[in-house]
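The primary structure of each chain is shown beneath.
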Amino acid sequence: MPAPNTAVSGTSPPTHAPSPHTDTPAPSLTKTDRPAAPRKPRALRVPRGARRAVGPVGLLLVWFLASTTGVLPESVLASPVDVLQRAIDLTDTGELPQAIAASGRRAAIGFLIGATVALALSLTAGLFRLGEDVIDASMGMFRAIPWVGLIPLFIVWFGIDETPKIALVALGVTYPLYFNIYGGIRSADAQLIEAGRMVGLGRLGLIRYVILPSALPGALVGLRYALSTAWLALVFAEQVNADAGIGYLMSNAQQYFQTDVIVLCLAVYAVLGLLCDFAVRLLSRRLLAWRASFDGEGA
């Protein structure tokens with residue numbers, strides 16, 4: 001007979017109840033029981049339009065303070081208040097709107113002529129090897145010639161009327177458009193062209209669906225440069241025997257040392273160029289919506 005305290009084989013020894021003095025483990029906390037971490041306050045996001053305006057507004061403020069305190073004499077540069085008042089006066093008399101209309105007409109005609117020439121030359125040189133051999137070297141040679149220095153020659157060729165002014169604008173527009181469109185065509189991905197051939201695209205199909213879309217980003221960059229160059233060329237062109245336009249106002253103001261009118265005309269040129277650049281940026285967003293591109297980091 002087994003002893004009373006001996007465990008019978010095949011049976012587990014009796015378990016003892018835990019001592020009341022034994023420490024029991026703390027229950028584990030679930031995700032829902034854990035205290036939530038304090039949220040970081042969200043940084044104030046300033047609209048990009050407001051951030052873009054910080055530079056011009058700050059420069060205008062410095063100019064105003066320098067003029068008000070006398071650091072910048074009026075004989076050197078008129079104050080922004082005087083420039084604004086002169087803009088109001090010239091607008092009331094109709095001189096400023098007429099000058100802007102005359103300059104805008106010259107810039108538009110010159111841009112259309114230059115863009116047409118640049119588009120024809122860039123497509124010919126970019127799509128055909130013979131066109132590249134004949135055109136590209138000549139364009140590179142003429143590009144090295146300062147187009148502003150051609151004003152006397154244009155006066156000899158075209159006289160002193162509107163033609164030399166429009167020709168100078170057209171010449172300034174041609175170069176940036178030509179080289180950007182030509183570079184965009186020649187930078188088309190060869191693998192995409194080969195894939196287009198494999199799916200049965202002919203030469204016209206490759207040009208329409210592969211090559212020209214690949215050249216579109218470069219063409220839009222060239223368009224931005226061309227528009228800014230058009231206004232720059234117009235500044236020089238309207239100094240030559242002009243009887244209307246923003247440059248005409250600047251020439252008259254130079255003779256009478258009217259710095260407020262000179263600054264006003266420069267500001268008008270800058271605003272017109274900024275509006276053209278803004279229009280091209282909007283056009284780029286629409287035409288290049290299919291292309292994923294880097295848009296900067298951070299706020």
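Being a predicted model, the structure only gives us computed values, none of them experimental.

Trainee: Sorry, what's going on with the packing of aromatic side chains here?
Mentor: Each pair of aromatic rings is reported with the distance of its centres and the angle of its planes. This model, assessed by the stated rule, comprises 5 aromatic pairs. Between Phe154 and Trp157, the ring centres sit 6.0 Å apart and the planes meet at 35°, which makes this aromatic pair tilted. Within this pair, Phe154 and its partner Trp157 are both found in helix H6 (residues 151-158), separated by 3 residues, close to a single helical turn. Take Phe154: its relative accessible area is 8%, and that puts it in the buried class.

Trainee: Whenever I open this one, a nonpolar patch on the surface confuses me. Can you help?
Mentor: Together, Leu61, Phe64, Leu65 and Val81 give the surface a local cluster of nonpolar side chains, amounting to about 360 Å² of exposed area. A total of 3 residues in the nonpolar patch trace back to one element, the largest contributor, which is helix H2 (residues 54-68). Within the secondary structure, Phe64 sits in helix H2.

Trainee: I keep staring at helix H7 (residues 162-186) and nothing clicks. Help me out?
Mentor: Residues separated by three or four positions in an α-helix point in the same direction, a consequence of the helix having 3.6 residues per turn. Over its 25 residues, H7 extends 37 Å from the first C-alpha to the last, a length consistent with the 36 Å expected when each residue adds 1.5 Å. Among the 25 residues that make up H7, 19 are buried, leaving the element largely enclosed by the rest of the structure.

Trainee: Hey, could you run me through the confidence of the model for the chain in this one?
Mentor: Interpreting fine coordinate detail is not advised for predicted regions of low pLDDT. Residues of the chain with pLDDT of at least 70 account for 81%, and the chain-wide mean is 80. When the elements of the chain are averaged for pLDDT, helix H1 (residues 48-52) gives the smallest value, 72, and helix H4 (residues 95-127) the largest, 91. Note on residues 1-13: pLDDT is under 50 here. Beyond four places in sequence and across chains, it has 0 contacts. Below pLDDT 50 for its whole length, residues 15-22 participates in 0 contacts with residues either more than four positions away or in separate chains.

Trainee: In this structure, what is going on with the packing of H7 against helix H9 (residues 203-237)? I would like to understand it.
Mentor: Each pair of packed helices can be described by the angle between their axes along with the distance between the axes. Where H7 contacts H9, the axes come no closer than 7 Å and their chain directions differ by 160°. Judged by the inter-axis angle, H7 sits roughly antiparallel to H9. Pair H7 / H9 crosses with right-handed handedness. Per-class residue counts for the contact of H7 with H9 are 19 nonpolar, 7 polar and 1 charged.

Trainee: What am I meant to see in the pattern of salt bridges here?
Mentor: In the structure shown here, the tally under the stated rule is 6 salt bridges. With a closest N to O distance of 2.7 Å, Glu238 and Arg106 form a salt bridge. On the criterion of sequence distance, the pair formed by Glu238 in the loop between H9 and helix H10 (246-255) and Arg106 in helix H4 is long-range, its members being 132 residues apart. For the pair Glu238 and Arg106, one class covers both residues: buried. A salt bridge links Arg224 to Asp277; the shortest N-O distance between them is 2.7 Å. Here Arg224, found in helix H9, pairs with Asp277, found in helix H11 (residues 259-287); they are 53 residues apart in sequence, far enough to count as distant.

Rules of the game
Residues numbered from 1 in each chain as written. Predicted model: local features only at pLDDT ≥ 70, side-chain atom pairs only at ≥ 80, totals over all residues. Heavy atoms only, no water. Phe/Tyr/Trp six-rings, centres within 6.5 Å; stacked < 30°, edge-to-face > 60°. Helix = DSSP H or I, 4+ residues; strand = E, 2+ residues; numbered from the N terminus. Buried < 20%, exposed > 50% of the residue type's maximum accessible area, 1.4 Å probe, protein only. Patch = residues over 30% accessible without salt bridge, like charges linked within 9 Å, V, L, I, M, F, W, Y side chains within 5 Å. Areas by Shrake-Rupley, 256 points an atom, 1.4 Å probe, with all protein chains shown as cover. Salt bridge = Lys/Arg side-chain N within 4 Å of Asp/Glu carboxyl O. Expected span 1.5 Å × (residues − 1). pLDDT = per-residue confidence, 0-100. Contact = heavy atoms within 4.5 Å. Axes fitted to C-alpha atoms, helices over the stretch in contact; angles between N-to-C directions. Parallel < 35°, antiparallel > 145°, perpendicular 65-115°, else oblique. Left-handed = near helix turned anticlockwise from the far one by under 90°. Nonpolar A, V, L, I, M, F, W, Y, C, P; charged D, E, K, R; others polar.

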